[in-house]
Amino acid sequence: MTYEPTTAAPKVVLITGASSGIGEATARRLAAAGHHVVLGARRAERLAALAKEIEADGGSALAQSLDVTDPLSMRSFVAAALDRYGRVDVLVNNAGVMPLSRLDALRTEEWDRMIDVNLRGVLHGIAAVLSTMTAQRAGHIVNIASVSGLRVDPTAAVYSATKHAVRALSEGLRQESRDLRVTVISPGLTHSELTDTIADQDTKDTVTGQMAIAIPAAAIGEAIHYAITQPADVDVNEHVIRPTAQG
């Protein structure tokens, strides 16, 4: 990938779930634009390899092991960014899981996992950066929701509930601050490893078939790049990005 200098001052961008899919694509896009990317995920080896590749291409990256369900891990992630770069400009709350199934399958542990990662993980991220961004009188929180946060489909009730909640808390955060920018990104069918978390085989087969029309994760990374590079007085509140062929 060819790296290009950013036309504005480089930002320090923290990305959760950065080891694959949307997180990885976003890290590559923002590093290519000259921003400093701080990569967080549980798969430390993949993170380290990604950071090494970005830096070999002339970018700036820091890899940090992260479990978004653990508030202490999230605080350590933010502290590592502050230690290296001295500030936090953007947090991309991207980590997520999607073990879809019908409610009557009673996969309650999967319900809890979605709530812990998709909702509590976002809250832990907000809590970890909010005081720093408030002190800076500037900051940008980008929350990855889903088109499932705009509708509800069979097998997706709990997943949709978490994504509806992400959109709600994002709007609340936006209204509570005049210094922070808040953006919700709602992807449709996108190539990622989310489908790997589906254990219900019938549901997995259905979703796998739908992925034939999925868009690349890079399309979401491009939307995030657009949102964070707008002038400070412009807040892009929401992007909905789906395949043209998706109903």
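All of these numbers come straight from a predicted model, not from anything done at the bench.

Participant: Give a description of the layout of surface pockets that names residues and reports values.
Facilitator: Taken as a whole, the largest pocket holds about 1,200 Å³ of empty space. Taken together, 49 residues line the largest pocket, and the ones lying closest to its centre are Met98, Tyr159, Ser192, Leu194 and Thr195. For the lining of the largest pocket, the secondary-structure elements that each account for two or more residues are helix H1 (21-32), helix H4 (108-136), helix H5 (157-176) and helix H6 (201-210). Among the elements that take part in the lining of the largest pocket, H6 stands out by supplying four residues, more than any other. A breakdown of the residues in the lining of the largest pocket according to their chemical character gives 21 nonpolar, 20 polar and eight charged. Of the voids in this model, the second largest pocket is the one considered here, and its volume is about 240 Å³. Looking at the second largest pocket, it is lined by 17 residues, and the ones nearest its centre are Lys11, Ala138, Gly139, Arg181 and Ala232. Tallied by class, the residues present in the lining of the second largest pocket amount to seven nonpolar, four polar and six charged.

Participant: Could you give an account of the pattern of salt bridges, with specific residues and numbers?
Facilitator: Counted under the stated rule, the structure contains 13 salt bridges. As a salt-bridge pair, Glu193 and Arg43 come within 2.9 Å of each other at their nearest N and O atoms. Of this pair, Glu193 sits in the loop between strand E6 (180-187) and H6 while Arg43 is found in the loop between strand E2 (36-41) and helix H2 (44-56), placing the two residues 150 residues apart along the sequence. Shared partners join several salt bridges into a network, and the residues in it are Glu24, Arg28 and Glu53.

Participant: Describe the nonpolar core, and please don't skip the residues or the numbers.
Facilitator: Nonpolar side chains tend to gather and get buried jointly when the protein is soluble and globular. In this structure, Leu14, Val38, Val88, Leu100, Val129, Met133 and Ile141 are the most contacted members of the largest nonpolar core, which totals 41 residues. Those elements that place two or more of their residues in this core are strand E1 (12-16), helix H3 (71-85), H4, H5 and E6. Per-element tally for this core: the top contributor is H4, with seven residues. Formed by 28 residues, the second largest nonpolar core is a distinct cluster that contains Ala25, Val92, Ile215 and Ile220.

Participant: Give me the lowdown on helix H7 (residues 217-228), citing residues and values where you can.
Facilitator: For H7, with twelve residues, the first-to-last C-alpha span of 17 Å sits near the 16 Å given by 1.5 Å per residue. Within the span of H7, buried status applies to Ala217, Ile220, Gly221, Ala223, Ile224, His225, Ala227 and Ile228.

The rules behind each value
Residues numbered from 1 in each chain as written. Predicted model: local features only at pLDDT ≥ 70, side-chain atom pairs only at ≥ 80, totals over all residues. Heavy atoms only, no water. 1 Å grid on protein atoms, 1.4 Å probe; cavity = no way out; pocket = protein on both sides within 12 Å on 5 of 7 lines; lining within 4 Å. Points joined across faces, edges and corners; volume = space filled by probe spheres on them. Helix = DSSP H or I, 4+ residues; strand = E, 2+ residues; numbered from the N terminus. Nonpolar A, V, L, I, M, F, W, Y, C, P; charged D, E, K, R; others polar. Salt bridge = Lys/Arg side-chain N within 4 Å of Asp/Glu carboxyl O. Core = buried A, V, L, I, M, F, W, Y, C linked by side-chain atoms within 4.5 Å. Buried < 20%, exposed > 50% of the residue type's maximum accessible area, 1.4 Å probe, protein only. Expected span 1.5 Å × (residues − 1).

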